[in-house]
Amino acid sequence: MATPLDLRQAFGHFGTGVAIIGFHDRENRPLGLTINSFASVSLEPALLSWCLANESQLYDDVAAVSRFSVNILAADQVDLSNRMAGSGSHELGADEIEDVIDSAPALKGALAHFDCYVHHKIEAGDHLLLIGGIDGVRYCTKQRAPLIYFRGAYTGLAESAGK
Ligand SMILES: Cc1cc2nc3c(=O)[nH]c(=O)nc-3n(C[C@H](O)[C@H](O)[C@H](O)COP(=O)(O)O)c2cc1C
């Protein structure tokens, strides 16, 4: 049987993008949480998913939200990604928020935003699986590099990929 460490390392070989979940906590502060468990789920109806660790200090706030945003990060947003991944540093500054749609903050500089309501929450082992119903979507039409996470570190797309 694989140990949690084996699993973490094996999962880490799946290179992903990086996103920040935006939401308001129970005191109505705009918060962000860095994730890479984002997945597209369905086009019709429009659904996506992500997972929150049960041990997160944000668990109770996230479990109480009815709406959240998913902000797909660009390669130049490593600092913001690190800040929103650090314990106790999840508050978003007003200058980092492009606008607030239906109580979910959309972040400046992101490649794409999804504005979501909570469609379903499923307790799944040591994580909470959130399925978001997508009410709105915006994306950047310019060619910009995404932030990539692979084997526990940030990286970028290989120049030769797809050629
Ligand atoms: C690239 C990256 C991806 C992450 N993905 C997730 C994720 O999908 N789900 C999650 O709960 N935490 C994820 N984390 C960890 C959280 O961002 C954060 O570090 C952790 O939740 C900090 O603890 P706190 O939530 O108690 O403040 C990720 C961190 C990084 C750097």
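Small disclaimer: the values here were computed from a predicted structure and weren't measured.

## A look at the pattern of salt bridges
Thinking step 1. Overall, the coordinates contain eight salt bridges when judged by the stated rule.
Thinking step 2. Taking the shortest distance from any N to any O, the salt bridge between Asp25 and Arg29 comes out at 2.7 Å.
Thinking step 3. Judged by its relative accessible area of 6%, Asp25 is buried.
Thinking step 4. Residue classification places Arg29 among the partly exposed positions, given a relative accessible area of 34%.
Thinking step 5. Notably, a salt bridge pairs Arg29 with Glu27, separated by 3.8 Å at the nearest N-O pair.
Thinking step 6. Three or more residues joined by partner-sharing salt bridges are found here, namely Asp25, Glu27 and Arg29.

## Things to note about the pairing of strand β10 (residues 127-139)
Thinking step 1. One ladder, built from seven bridges, connects strand β5 (residues 47-53) with β10; its direction is antiparallel. When the sheet's bridge partners are listed, Leu48 is paired in β10 with Gly132.
Thinking step 2. When strand β9 (residues 112-124) meets β10, the two strands line up antiparallel, connected through 12 bridges. Its bridge partner being in β10, Ala112 is matched across the sheet by Tyr139.
Thinking step 3. Linking β9 back to β10 in an antiparallel pair, the connection comprises two residues, with Gly125 at a positive phi of about 60 degrees.

## A short note on the site of the ligand
Thinking step 1. If you check the shell around the ligand, you find 16 residues, and the closest are Thr34, Ser37, Ser56, Ala85 and His90.
Thinking step 2. Between the ligand and Ala53, the relevant distance is 2.8 Å, taken from an oxygen atom to a main-chain nitrogen or oxygen of the residue.
Thinking step 3. Coverage of the ligand by the protein chains reaches 81% of its 610 Å² of free accessible surface.
Thinking step 4. Looking at the shell around the ligand, the elements that each hand over two or more residues are β3 (30-35) and β5.
Thinking step 5. Grouping the constituent residues of the shell around the ligand by class yields nine nonpolar, seven polar and no charged.

## Section: the sheet that holds β10
Thinking step 1. Sheet architecture is open: seven strands sit in the order β3-β2-β6-β9-β10-β5-β4, paired in antiparallel fashion. Either end of the sheet is taken by a strand with one partner, and the two such strands are β3 and β4 (39-42). Taken pair by pair, the neighbouring strands of this sheet meet at an average axis angle of 35 degrees, ignoring direction.

## A closer look at the side chain of Arg67
Thinking step 1. Tracing the sequence through the fold places Arg67 in strand β6 (residues 67-72).
Thinking step 2. Looking at Arg67, its side chain comes within polar contact range of the side chain of Asp115, at 3.3 Å.
Thinking step 3. In this structure the side chain of Arg67 is engaged in a polar contact, spanning 2.7 Å, whose partner is the side chain of Asp135.
Thinking step 4. Not counting the four nearest positions on each side in its chain, Arg67 is found in contact with Phe23, Asp102, Ser103, Asp115, Cys116, Tyr117, Val118 and Asp135.

## Overview of the nonpolar core
Thinking step 1. One finds Phe23, Trp50, Phe68 and Val70 to be the most contacted residues of the largest nonpolar core, which totals 24 residues.
Thinking step 2. The biggest single contributor to this core is β9, with four residues.
Thinking step 3. Leu73, Met84, Ile97 and Leu107 belong to the second-largest nonpolar core, a separate cluster that totals nine residues.

## Observations concerning the pairing of β6
Thinking step 1. Among the six residues that make up β6, six are buried, leaving the element largely enclosed by the rest of the structure.
Thinking step 2. Residues Arg67, Ser69 and Asn71 point to one face of β6 and Phe68, Val70 and Ile72 to the other, with burial holding for every one of them.
Thinking step 3. Bridge analysis of strand β2 (residues 19-24) against β6 gives four bridges, and the strand direction is antiparallel. Paired with Ile20 across the two strands is Asn71, which belongs to β6.
Thinking step 4. Where β6 and β9 come together, six bridges link them in antiparallel fashion. Bridging across to β9, Phe68 finds its partner in Cys116.

Scoring rules and cut-offs
- Residues numbered from 1 in each chain as written.
- Predicted model: local features only at pLDDT ≥ 70, side-chain atom pairs only at ≥ 80, totals over all residues.
- Heavy atoms only, no water.
- Salt bridge = Lys/Arg side-chain N within 4 Å of Asp/Glu carboxyl O.
- Buried < 20%, exposed > 50% of the residue type's maximum accessible area, 1.4 Å probe, protein only.
- Pairing = 2+ DSSP bridges.
- Helix = DSSP H or I, 4+ residues; strand = E, 2+ residues; numbered from the N terminus.
- Near = heavy atom within 4 Å.
- Polar contact = N/O pair within 3.5 Å; in protein donor to acceptor, adjacent residues only side chain to side chain.
- Areas by Shrake-Rupley, 256 points an atom, 1.4 Å probe, with all protein chains shown as cover.
- Nonpolar A, V, L, I, M, F, W, Y, C, P; charged D, E, K, R; others polar.
- Axes fitted to C-alpha atoms, helices over the stretch in contact; angles between N-to-C directions.
- Contact = heavy atoms within 4.5 Å.
- Core = buried A, V, L, I, M, F, W, Y, C linked by side-chain atoms within 4.5 Å.

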